[in-house]
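# A structural walkthrough
Okay, here's what each chain looks like letter by letter:
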Amino acid sequence: GTRNWKTGFLALGIAAVLWGIAHSSSSVERSLDVPVSFQNLADDLVITGQSTDRVNIRVRGSRAALRNLSPAKLEYAVDVGGARPGTGSYDVDVSRFDLPRGSNIVSRSPGSLEIDFERRGRRAVRIRPDVEGEPAAGYLMGQTEVEPSHVWLTGARSEVMRLDEVVTETIDVAGLQTPIDREVRLSLGGGHVWMEQSQPV
C-alpha cells in the first residue's frame with residue numbers, strides 16, 4: 001500500500017511538472033490598440049479626417065515573448081507621400097510591426113484606413129477682443145487695443161478662407177477702475193485651423 005502511495009505521489013509530481021512546462025510554453029493572445037501616425041505629408045496638404053486613430057491587433061505567442069512586448073513603443077505609421085486632395089484608402093500592413101521573436105499577429109482591425117486630405121490655405125485676419133462686464137460705478141469703458149492686431153492663420157483651405165476675424169477668450173472688466181494688460185488665448189473654433197506662428201496676444 002505504501003509503495004503504491006509513493007508511486008502515485010511521484011506520478012502526480014511528474015504530471016504537475018509536465019503541466020507547468022506545457023503551461024509556461026503554451027501560446028497566449030493579447031489585444032493591443034496601436035496609435036496611427038502619418039509620414040511624408042506634403043506641405044500643401046492638411047489631414048481633415050480619418051476613419052480611426054488606432055489599429056487593433058491581436059498578438060499570439062509564448063508568455064515570455066508577450067512579456068517582452070512593450071505597447072508604448074508600438075506605432076502604426078502611414079506613408080501618405082503622394083496623397084492628393086480627397087479621400088485616400090490605405091491597407092493596414094501588419095508586417096511593419098517589430099514584434100519579439102516567438103510572437104505573431106493573428107488578426108487586425110480595421111483592414112484599411114480612410115484618410116481625408118484638403119489643400120492648405122493661409123490668411124491674415126484681424127483679432128477682435130471679446131470684452132464683457134461693466135467697470136466700477138463712475139467709470140466708462142475706454143479704448144481696447146490688441147497687439148498684434150492681425151494674425152496669420154493656416155489649415156484646411158475651406159475653413160481658413162471662411163474666417164474674416166478671430167475672437168479672443170472672454171475678458172471680464174466687471175468692477176475695474178484702472179487699465180489692465182492681459183495676455184489672452186484666441187478662439188479658433190476647434191476645426192482644422194491654427195496660428196501659423198505661436199505668439200502671445
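Note that the structure is predicted; figures quoted are calculated from it, not measured.

Further remarks concern the pattern of salt bridges. Tallied over the entire structure, the rule returns eight salt bridges. Between Arg 58 and Glu 29 there is a salt bridge, with its nearest N and O atoms 3.0 Å apart. Of the two residues, Arg 58 sits in strand β3 (residues 54–62) while Glu 29 sits in strand β1 (residues 27–39), which places them 29 residues apart along the sequence. On the basis of relative accessibility, which here comes to 30%, the residue Arg 58 falls in the partly exposed class. Looking at Glu 29, the relative accessible area reads 36%, which means it is partly exposed. Via salt bridges that share partners, Glu 29, Arg 58 and Arg 60 belong to a single interconnected network.

Here the largest pocket is characterised by a volume of approximately 610 Å³. Looking at the lining of the largest pocket, the elements that each hand over two or more residues are β7 (112–132) and β9 (165–172).

This next bit is on the side chain of Glu 159. Tracing the backbone through its elements, the reader meets Glu 159 in helix α3 (residues 157–160). Lacking a salt bridge, the buried Glu 159 has Arg 162 as its closest oppositely charged neighbour, with an N-O distance of 5.1 Å. Discounting residues that sit within four places of it in the chain, Glu 159 has contacts with Glu 118, Gly 191, His 192 and Val 193.

To continue, consider the nonpolar core. In terms of nonpolar packing, the biggest core is built from 24 residues, with Ile 57, Val 59, Tyr 76, Val 78, Phe 97 and Phe 117 touching the most fellow members. Of all elements in the fold, only β1, β2 (45–50), β3, β4 (76–79) and β7 reach the threshold of two or more residues within this core.

Read across the sheet, four strands follow the order β4-β1-β3-β6 without closing on themselves; strand pairing throughout is mixed. Two strands close off the open sheet at either side, each with one partner strand: β4 and β6 (103–109). With strand direction ignored, the average angle separating the axes of adjacent strands in the sheet is 35°.

Our focus in this paragraph is unusual backbone geometry. In this structure, the amide linkage connecting Ser 109 to the following residue, Pro 110, adopts the cis form with an omega of 0°. With an omega of 0°, the peptide bond between Glu 147 and Pro 148 qualifies as cis. Considering the arrangement of structural elements, one finds Pro 148 in the loop between β7 and β8 (150–156). Phi is positive for Asn 40, close to 65°, though the residue is something other than glycine. Looking at the element boundaries, Asn 40 is found in the loop between β1 and β2.

How each quantity is defined
- Residues numbered from 1 in each chain as written.
- Predicted model: local features only at pLDDT ≥ 70, side-chain atom pairs only at ≥ 80, totals over all residues.
- Heavy atoms only, no water.
- Salt bridge = Lys/Arg side-chain N within 4 Å of Asp/Glu carboxyl O.
- Helix = DSSP H or I, 4+ residues; strand = E, 2+ residues; numbered from the N terminus.
- Buried < 20%, exposed > 50% of the residue type's maximum accessible area, 1.4 Å probe, protein only.
- 1 Å grid on protein atoms, 1.4 Å probe; cavity = no way out; pocket = protein on both sides within 12 Å on 5 of 7 lines; lining within 4 Å.
- Points joined across faces, edges and corners; volume = space filled by probe spheres on them.
- Lys, Arg positive; Asp, Glu negative; His and termini not counted.
- Contact = heavy atoms within 4.5 Å.
- Core = buried A, V, L, I, M, F, W, Y, C linked by side-chain atoms within 4.5 Å.
- Pairing = 2+ DSSP bridges.
- Axes fitted to C-alpha atoms, helices over the stretch in contact; angles between N-to-C directions.

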